[in-house]
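Each chain, written out:
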Amino acid sequence: MSVKYKSELMKRINTYIFSTVLGAGFSVGMIFLSALLMYSLQFPLYTAGYFSLFSFGCGAMLSGFVSGRIKRHGGLKTGFRCAVILLVLCAVGAAVSGNFDGSSAAAKICTAVICGCAGGVLGVNKRV
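Residues numbered from 1 in each chain as written. Predicted model: local features only at pLDDT ≥ 70, side-chain atom pairs only at ≥ 80, totals over all residues. Heavy atoms only, no water.

Caption draft 1: Seen up close, the environment of valine 124. Take valine 124: it is sitting in helix 4 (residues 105-125). Each C-alpha atom of the pair valine 124 and valine 88 lies 24 Å from the other, and the pair is 36 residues apart in sequence. (Helix = DSSP H or I, 4+ residues; strand = E, 2+ residues; numbered from the N terminus.)

Caption draft 2: Expanded view of helix 2 (residues 48-71). The first and last C-alpha atoms of helix 2 sit 34 Å apart over 24 residues, in line with the 34 Å expected at 1.5 Å per residue. Buried within helix 2 are the following residues: Ser55, Phe56, Gly57, Cys58, Gly59, Ala60, Ser63, Gly64, Val66, Ser67, Gly68 and Lys71. Where helix 2 is buried, its residues meet helix 1 (3-41), helix 3 (75-97) and helix 4. After helix 2 finishes, the residue arginine 72 shows a positive phi value of roughly 70°. (Expected span 1.5 Å × (residues − 1). Buried < 20%, exposed > 50% of the residue type's maximum accessible area, 1.4 Å probe, protein only. Contact = heavy atoms within 4.5 Å.)

Caption draft 3: Summary view of the packing of aromatic side chains. For the structure on display, the rule yields one aromatic pair. Plain terms: the ring middles of phenylalanine 43 and phenylalanine 51 are 5.8 Å apart, the flat faces sit at 10° to each other, and that makes the pair stacked. Look at phenylalanine 43 and you get partly exposed, because its relative accessible area is 34%. (Phe/Tyr/Trp six-rings, centres within 6.5 Å; stacked < 30°, edge-to-face > 60°.)

Caption draft 4: View of the nonpolar core. One finds Phe56, Ala60, Ala83, Leu86, Leu87, Ala112 and Cys115 forming the largest nonpolar core, which totals seven residues. Elements represented by at least two residues in this core include exactly helix 2, helix 3 and helix 4. With three residues, helix 3 is the largest single contributor of residues to this core. Apart from the residues lying within four places of it in its own chain, the contact partners of alanine 60 are Leu86, Ala112, Cys115 and Gly116. (Core = buried A, V, L, I, M, F, W, Y, C linked by side-chain atoms within 4.5 Å.)

What follows is the structure in structure tokens.
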């Protein structure tokens, strides 16, 4: 492999790592805010699933958006890749904590893919 090819590959990898870290961090922040909102307004416990799915979708959208802004082309593909990376991180976290049951996998997959792709398209089409 040539030096130029390695440099281009590292730029791509760094783009996905950066955008995924931002998206995951934003999801965690949204989950904390959702928990605070649920606690302060005394929402029933069953609404936690909706808030967590919303937070995960926001993180996937931000991840796709940032990646689309950096790459400037291929928003659907870029957003999809970011969503898949976030899904893998979520699955690894669930497996490590012992909560990997797959009961809400379809909802998480659909939310991550739709939001990630939408974020990628919005990021590519955003004008300065």
